[in-house]
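One letter stands for each residue in the lines below.
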Amino acid sequence: MNRRMKRVSVMAMSTIGVGMLVAGCGTAASNNTSNSSSSTPAATTSSAKKIHLVLTMWGSSLDQKTYQERADLYTKSHPNVTVSVKLLPNTNYDEKLETMIAGGDSPDIVEVSQDYAPLAAKGAIISLSSYVKKADMHVHQIYSKGYVSGYMYNNKLYALPDRGGYIALFYNKKMFKKAGLAYPKAGWTWSQFLTDARKLTIVKDGKTVQWGCAVDNWWPEYLAFTHSAGGHEVNQAGTKATMDSAAFRKGLQFYWNLIYKYHVSPDAKQWADYGSDINRDNLFLENKNAMSISGFWDISSFSNAHMDFGIAPVPVAPEGHPSMVTAGTGLAIASGSAHKNTAFKVIKFMTSAAGEMPIVTNHEDIPANKADVSAWVKTLPDGLSYKQMELSQQDIFSPRIPPQWNEMQTDISEDFTPLWDGTTTVKKATEAATKKVDSILAGN
Amino acid sequence: MSSARGMSMKAKETLAFYLFLTPWGIGFIVFLMGPLLASLVLSFTNWDLLQPAQWVGLANYKRVLFGPSQFWLAMGNTAYYALILVPLSIVVALILAVLLNQNIILRRFFRTVFYLPATLPIVAVVFLWQWILAPSGILNEILGWFGIHGPAWFVDPAWIKPGLILMGVWAAGSGVVLFLAGLQGIPKYMYEASAMEGAGPIRQFLMITVPMLSPIVLFNLINGIIGALQVFTQVYIIARDNKAAVMAVPYLYHEAFGYFKMGYASAVAWIFFIFVMALTLVVLRWSRSWVYYEGEVR
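Remember, it's a predicted structure, so these values are computed and weren't measured experimentally.

Our next topic: the domain arrangement of chain B. Residue and element names in this part refer to chain B. Segmenting chain B into domains produces domain 1 (4–42) and domain 2 (61–287). Taking only C-alpha atoms into account, the centre of domain 1 sits 36 Å from that of domain 2. Between domain 1 and domain 2, the contact holds four residues from the first and four residues from the second. Contact between domain 1 and domain 2 buries roughly 370 Å² in total, counting both sides, with carbon and sulfur atoms accounting for 62%. It is Ser 39, Leu 40 and Leu 42 in domain 1 that bury the most area against domain 2; as a group they hold 85% of the surface buried on that side. Our count for the contact surface shared by domain 1 and domain 2 stands at zero salt bridges. Along the lines of polarity and charge, the residues of the side of domain 1 that touches domain 2 split into three nonpolar, one polar and no charged.

Once that is clear, we can look at the side chain of Asp 216 of chain A. All names here are of chain A. Locating Asp 216 in the fold gives a position in the loop between strand S9 (207–210) and helix H11 (219–228). Of the residues examined, Asp 216 reaches a relative accessible area of 17% and is grouped as buried. Among residues more than four places away in sequence, those in contact with Asp 216 are Glu 221, Tyr 255, Trp 271, Asn 279 and Arg 280.

Now for the packing of aromatic side chains. All names here are of chain A. Under the criterion given, the structure shown has 47 aromatic pairs over all chains. Look at Tyr 166 and Phe 296: their rings are 4.8 Å apart centre to centre, the planes differ by 55 degrees, and that puts the pair in the tilted class. With Tyr 166 in the loop between strand S6 (160–163) and strand S7 (168–172) and Phe 296 in the loop between strand S10 (291–294) and helix H15 (298–304), this pair connects stretches of sequence that are 130 residues apart. The buried category is assigned to Tyr 166, whose relative accessible area is 1%. For Phe 296, a relative accessible area of 3% corresponds to the buried category.

Turning to the pairing of strand S1 (residues 51–57) of chain A, a few remarks are in order. Residue and element names in this part refer to chain A. Extensive coverage of S1 is indicated by the burial of seven of its seven residues. On S1, burial covers both faces: Ile 51, Leu 53, Leu 55 and Met 57 on one face and His 52, Val 54 and Thr 56 on the other are all buried. Judged from the seven bridges that link them, S1 and strand S2 (residues 81–87) form a sheet pairing that is parallel. Paired with Ile 51 across the bridge in S2 is Val 81. Crossover handedness for the path S1 to helix H4 (residues 61–77) to S2: right-handed. Inspection of the sheet shows S1 paired to strand S3 (residues 109–113) by two bridges, in the parallel sense. When the bridges of S3 are listed, Leu 55 appears paired with Ile 109.

Turning our eyes to something else, we now look at the sheet that holds S3 of chain A. All names here are of chain A. Here we have five strands laid out as an open sheet, ordered S2-S1-S3-S13-S6, and mixed in their pairing. Edge strands, defined here as strands with exactly one partner in the open sheet, are S2 and S6. Here the strands of the sheet are splayed against their neighbours by 30 degrees on average, with no regard to which way each runs. Where S3 lies against strand S13 (residues 329–333), five bridges are found, and the strand directions are antiparallel. Looking across to S13, one finds that Ile 109 is bridged to Ile 333. Across the sheet, H4 lies against S1, S2, S3, S6 and S13, angled at about 170 degrees from S2, the strand it touches most. Sheet strands touched by helix H5 (residues 93–102): S1, S2 and S3. Its angle to S1, the strand with the most contacts, is close to 150 degrees.

Okay, the environment of Ser 106 of chain A next. Checked against the element boundaries, Ser 106 of chain A lands in the loop between H5 and S3. C-alpha separation for the pair Ser 106 of chain A and Phe 193 of chain A, spaced 87 residues apart in sequence, amounts to 47 Å.

Residue and element names in this part refer to chain B. The computed volume of the second largest pocket comes to approximately 830 Å³. For the second largest pocket, the lining is made up of 32 residues, of which Gly 168, Ala 171, Ser 174, Gly 224 and Gly 227 are closest to its centre. Within the residue set of the lining of the second largest pocket, elements represented by two or more residues are helix H3 (71–100), helix H4 (107–119), helix H5 (122–132), helix H7 (157–170), helix H8 (173–184), helix H10 (201–229) and helix H11 (233–238). The leading source of residues in the lining of the second largest pocket is H10, at seven residues. Class assignment of the residues belonging to the lining of the second largest pocket gives a composition of 21 nonpolar, 11 polar and no charged.

Let us look at the domain arrangement of chain A. All names here are of chain A. Examined at the domain level, chain A breaks down into domain 1 (39–164 + 328–385) and domain 2 (168–325 + 404–441). Between the C-alpha centres of domain 1 and domain 2 there is a distance of 30 Å. Across the boundary between the two partners, domain 1 contributes 10 residues, which contact nine residues of domain 2. The junction of domain 1 with domain 2 conceals about 820 Å² of combined surface from both sides, 69% of it contributed by carbon and sulfur atoms. Summed over the shared surface of domain 1 and domain 2, the result is zero salt bridges. Seen at the junction of domain 1 and domain 2, the total is one residue pair in polar contact (both at pLDDT 80 or more). Here the side of domain 1 that touches domain 2 is built from residues that sort into five nonpolar, two polar and three charged.

The rules behind each value
Residues numbered from 1 in each chain as written. Chains lettered and ligands numbered in written order. Predicted model: local features only at pLDDT ≥ 70, side-chain atom pairs only at ≥ 80, totals over all residues. Heavy atoms only, no water. Domains from an automatic or database assignment. Contact = heavy atoms within 4.5 Å. Buried area = accessible area lost by both parts, 1.4 Å probe. Salt bridge = Lys/Arg side-chain N within 4 Å of Asp/Glu carboxyl O. Nonpolar A, V, L, I, M, F, W, Y, C, P; charged D, E, K, R; others polar. Helix = DSSP H or I, 4+ residues; strand = E, 2+ residues; numbered from the N terminus. Buried < 20%, exposed > 50% of the residue type's maximum accessible area, 1.4 Å probe, protein only. Phe/Tyr/Trp six-rings, centres within 6.5 Å; stacked < 30°, edge-to-face > 60°. Pairing = 2+ DSSP bridges. Right-handed = clockwise from strand over helix to strand, strands pointing away. Axes fitted to C-alpha atoms, helices over the stretch in contact; angles between N-to-C directions. 1 Å grid on protein atoms, 1.4 Å probe; cavity = no way out; pocket = protein on both sides within 12 Å on 5 of 7 lines; lining within 4 Å. Points joined across faces, edges and corners; volume = space filled by probe spheres on them. Polar contact = N/O pair within 3.5 Å; in protein donor to acceptor, adjacent residues only side chain to side chain.

Structure (structure tokens):
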């Protein structure tokens, strides 16, 4: 071996060093490359008085098909307009969308979820308030309760509610029957829920073989309890964290007790034993979980698996505040769109009674438009009643989502992790999270 | 240029050299130098992908180093991980290489077996280890036979980094291959001569094998340091919300693509780059005192 070895190692060092930097911050790279991908078709076709719009969405190919069918219903009567629906990856939707916009390849219509506030705050999507006013739309009469306020930011509407739904409680009918319990009903309380969950938990040889209500630290799940007790993560204006309030702590304590006091849910170690890709729904599908707090999208997955299940409202705290957070999506208009007026006409139609019908016929999650709900209920699988949900519409609420939502959620997850591990108390975890989130909301 | 025929051989070769180099050169400038310089400029701005970037001077750098941020937590965790993983991997790889260099039965088979982990996709490896290291997983079960109550590896903050390190050591196969190649390059006469002088196997290992392999140790050391400091995939999959496992590159990634703080993330990247570069130079400098190159005159 000679000196060459040394030179090789130095070269390897420097190239790997450079590679590290690029791997570490490929920001400009991804930006540049997206720039060179397809230029907006809108710009090329507008000269021929034809308008082409691009709609970005996430989800399944069925979701994509449904959006396209709905857009096509509009373009059929407006032949000068075409809409192409682009399916972006689920997990990196925001990332891909922001890169598209930054690269000058902005879509016209954007599917947003309730965490749209960062997009609104950065001016990536526009306020629809003036369009709504001009079109003389009475949004509160068009869409079901609870949805519109979810898309209000600084008193302006940023998206039209599109696909509805909220977090509900799915229960296994067979397990309830076997335990001799009545099915949960609208207005059932925390204590009824806890009693049932304990009766539904079955331990054999020191091992739990059936969980009463497996919870897995998903934020809409614990929000169901903290909110119902009257607590909030942040204040109304989204300027201060309020997780150290007595009400929030009461709800979180109840939720935590399900895991560590009453053992009706797996704890962190038991979840780790199941494997990281297993959640409450998987256990529900495997008949190891009697109740799962989840979204309407589970209706199709549970019924496809031929489960005998029901939907009930999430139980309400003695304080009586709403317990079911909305989990829908809306349609917004990108500020980079060259055809905002047309785009608004399209989303107005798509969220109308006629425009939402494909959601019903394709058995997708509940439409946000009130007029379509009864048609949607008829498409539910046999034996699945929507009655208890109709009776508890007052228990639906929209979450408070400030523009710093993503960072806030990461910090809360980090500060709550020891809580889910059982190594800290509700008081300490909420104290830490409040301090951290306050600092984020103050712009640090 | 009227015709290539008029060119001298040397000029032709020079031209060919640059022509062959062009594709790489363009790729380097467009995909490496461009983004690299862009990230340097961006690190002095508050660019968030959507709004125009504003110059903020050294504000990002100040925040990374002194401000309320998880940068030092991430650096601390990453240093812990690298400091244990890198030397441990080298020692394990060296021992395995020496063993696999002996005349044992099924030698080829074992060589393949120990190299296999290095060929597996990291995501598959992570899922495998999540099963092995589950609180009631295989490893803890085996520990239980000896009356040891195993920890909750990827759950307990105190055990999450050791778990990641264990996973890293398991994949020491590529180091083994390099050491094996090095071992076969050591001339037999050295061992024969030293045996005549009365050196035993341990003395031979320490006085001949290790010095002769020192350039490979250095190579593995530098590659190992850089690789360990850049740990990403396993942390991203296993340890998402665990403060005990916030590491440098995943931290940078979240700041950039989770919160779109491109300016801040670029500053993190540059500071991190300077750290890695400095550390590498220190190791290279230090290596002069222990790396032996055959034929070197001191």
